[in-house]
Amino acid sequence: MTNEHHSEITLHVNHTAHRLTVDNRTTLLDALRERLGRTGPKKGCDHGQCGACTVLIAGRRVVSCLTLAVAAEAAEITTVEGLARDGELTALQEAFIRLDGFQCGYCTSGQLCSAVGMLAEHAAGWPSAVTADVAGPAPELDAAEVRERMSGNLCRCGAYPSIVRAVLEAAE
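First, a word on what this report is: a plain description of the structure on this page. (Residues numbered from 1 in each chain as written. Predicted model: local features only at pLDDT ≥ 70, side-chain atom pairs only at ≥ 80, totals over all residues. Heavy atoms only, no water.)

### Some remarks on the overall build of the protein
Regarding its fold elements, the protein presents five helices and five strands. When the helices and strands of the protein are listed from N to C terminus, the series reads β-β-α-β-β-β-α-α-α-α. Counting only C-alpha atoms and orienting by the principal axes, one finds that the protein spans roughly 50 × 35 × 30 Å. Looking at the 172 residues of the protein, the share that counts as buried comes to 44%. Restricting to contacts in the protein with at least 6 residues of sequence separation, those with at least 24 account for 54%. Here the protein displays about 8,700 Å² of accessible surface, and carbon together with sulfur accounts for 53% of that area. (Helix = DSSP H or I, 4+ residues; strand = E, 2+ residues; numbered from the N terminus. Buried < 20%, exposed > 50% of the residue type's maximum accessible area, 1.4 Å probe, protein only. Contact = heavy atoms within 4.5 Å. Areas by Shrake-Rupley, 256 points an atom, 1.4 Å probe, with all protein chains shown as cover.)

This is the structure:
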């Protein structure tokens, strides 16, 4: 059913296409959680401020609570459930576990997706707010760079030191 209030869309989530009819105001987060059963992205603040709902669209991180599902039509969406390949955790996921980069775990899926996107941004040479020379080559990835680049993801448990260590270890 497509009318002025609803649209038929295809969401490509973790390499699987899903055809849905959604209200045009439905957020990507709600479509993922309520319609597709992807509970990895969490509804934290529902205002784009905490990052618990972070997913990757075409490899770039977005807060899914502020993204309309219709805007993600036909794009490749990766949730935390899609990071592992063939049941094998990525180096980043293993580092989070080994270094206790989570405590209650609520923000972990958003932290992991954000870290994947952040590492890709760094690898592409994108500067951050703490990059000293934005015209020069990609800055070395250090704790200050990781903290700045991950600053859109909040952890109420305070696992930041472990998160930074896990990201730096996975980046090596």
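### Describing empty space enclosed by the protein
On inspection of all chains with the given rule, the structure shows one cavity of 30 Å³ or more. Considered as a void within the structure, the largest cavity measures approximately 30 Å³ in volume. Looking at side-chain class alone, the lining of the largest cavity contains five nonpolar, three polar and three charged residues. (1 Å grid on protein atoms, 1.4 Å probe; cavity = no way out; pocket = protein on both sides within 12 Å on 5 of 7 lines; lining within 4 Å. Points joined across faces, edges and corners; volume = space filled by probe spheres on them. Nonpolar A, V, L, I, M, F, W, Y, C, P; charged D, E, K, R; others polar.)

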